Amino acid sequence: MHSPVPRVPQQPASHRPDLLASRRPEIQLGRLTAELATVVASARRRALRDGDRQIDTAHLLHSLIESDPEVGAAFEGGPPQLARVLGYLVQRSIGYGLRWRGSVEDSGALEVVRDTAAAAAAAGWSPTAAAAMGGAWERAALRGDQRARGLDLLAVIAADPESRAVEVLGRAGVDPRALADRIGELSQQV
């Protein structure tokens, strides 16, 4: 029997200084590597297939793990740990994520303004997923790159303690903070 996952109360954006309120929900595919554009397309198909109105961070995490070998290398536990994470992610459509159905993932990563949240929703992205893409572009810009990579997106997702993806990672026994640190180390090696 599968035990339910406890939900952590969401904090308003004013309590989240680690996430920038200036992130915008417009997703510009030209600012992604070919691999990350493939991840986004896969996440969109996954959301549609699951009957979800928006791409959320769990869709992105699932597609990152399946599509980007660089992302897989970031998991210290290797293939067994990745298999466990994927196991939780596939349960989304058969029970694990059903409680998310019909709700919007909003960890407070975007400024709490109705127009911004509405723009993200209209674009088919949860506010949290849209903010994660904005953060991935910021990471790319900091290293002087014009295009975000899968590791950029995974690092931002792992750093948001209230995202659906972090909830899945935690259930699968992955320490999101340690994962974000490992991605930082891997990024310095490139």
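Note: the structure precedes this text.
Here we summarise the structure given alongside this text. The structure displayed is predicted, hence computed values, not measured ones.

Conventions used here
- Residues numbered from 1 in each chain as written.
- Predicted model: local features only at pLDDT ≥ 70, side-chain atom pairs only at ≥ 80, totals over all residues.
- Heavy atoms only, no water.
- Buried < 20%, exposed > 50% of the residue type's maximum accessible area, 1.4 Å probe, protein only.
- Helix = DSSP H or I, 4+ residues; strand = E, 2+ residues; numbered from the N terminus.
- Polar contact = N/O pair within 3.5 Å; in protein donor to acceptor, adjacent residues only side chain to side chain.
- Contact = heavy atoms within 4.5 Å.
- Axes fitted to C-alpha atoms, helices over the stretch in contact; angles between N-to-C directions.
- Parallel < 35°, antiparallel > 145°, perpendicular 65-115°, else oblique.
- Nonpolar A, V, L, I, M, F, W, Y, C, P; charged D, E, K, R; others polar.
- Patch = residues over 30% accessible without salt bridge, like charges linked within 9 Å, V, L, I, M, F, W, Y side chains within 5 Å.
- Areas by Shrake-Rupley, 256 points an atom, 1.4 Å probe, with all protein chains shown as cover.
- Salt bridge = Lys/Arg side-chain N within 4 Å of Asp/Glu carboxyl O.
- Lys, Arg positive; Asp, Glu negative; His and termini not counted.
- Charge placed at Lys NZ, Arg CZ, Asp CG, Glu CD.

### Comments concerning helix H2 (residues 57–67)
For H2, the buried fraction is high: nine of the 11 residues fall into the buried class. One side-chain oxygen at the N-terminal end of H2 lies 2.9 Å from the backbone nitrogen of Ala58; it belongs to Asp56.

### Topic: the side chain of Ser63
By the element assignment, Ser63 lies in helix H2. Dropping the residues within four chain positions of it, Ser63 is found in contact with Val39, Ser42, Ala43, Arg46 and Asp68.

### Examining the packing of H2 against helix H8 (residues 164–171)
How two helices sit against one another is set out by the angle between their axes and by the gap between those axes. Where H2 contacts H8, the two axes come as close as 6 Å, and the packing angle between them is 60 degrees. Looking at the two axes, H2 sits oblique to H8. Here Thr57, Ala58 and Leu61 of H2 lie close against H8, whose contacting residues are Arg164, Ala165 and Leu169. Grouping the amino acids of the contact of H2 with H8 by side-chain chemistry returns four nonpolar, one polar and one charged.

### Let's talk about the environment of Gly173
For Gly173, the position within the fold is in the loop between H8 and helix H9 (176–189). The spacing of Gly173 and Gly77 is 96 residues in sequence and 9.8 Å in space, taken between C-alpha atoms. Once you skip the residues sitting within four places of it in the chain, Gly173 turns out to touch Gln81 and Arg84.

### Re a negative patch on the surface
Residues Glu76, Asp175, Asp181 and Glu185 make up a contiguous surface patch of negative charge. Examined against the element boundaries, Glu185 turns out to sit in helix H9. A relative accessible area of 46% means that Glu185 is categorised as partly exposed.

### A look at the pattern of salt bridges
If the charged atoms of two oppositely charged side chains come close together, the side chains can form a pair. What the rule picks out here adds up to six salt bridges. Among the salt bridges present, the one from Asp152 reaches Arg139, with a minimum N-O distance of 3.4 Å. With a gap of 13 residues between them, Asp152 in helix H7 (residues 150–159) and Arg139 in helix H6 (residues 127–142) connect regions that are remote in the sequence. Accessibility expressed as a relative area gives 0% for Asp152, which makes it buried. Look at the salt bridges and you will find they share partners, linking Arg139, Arg143, Asp145 and Asp152 into a network.

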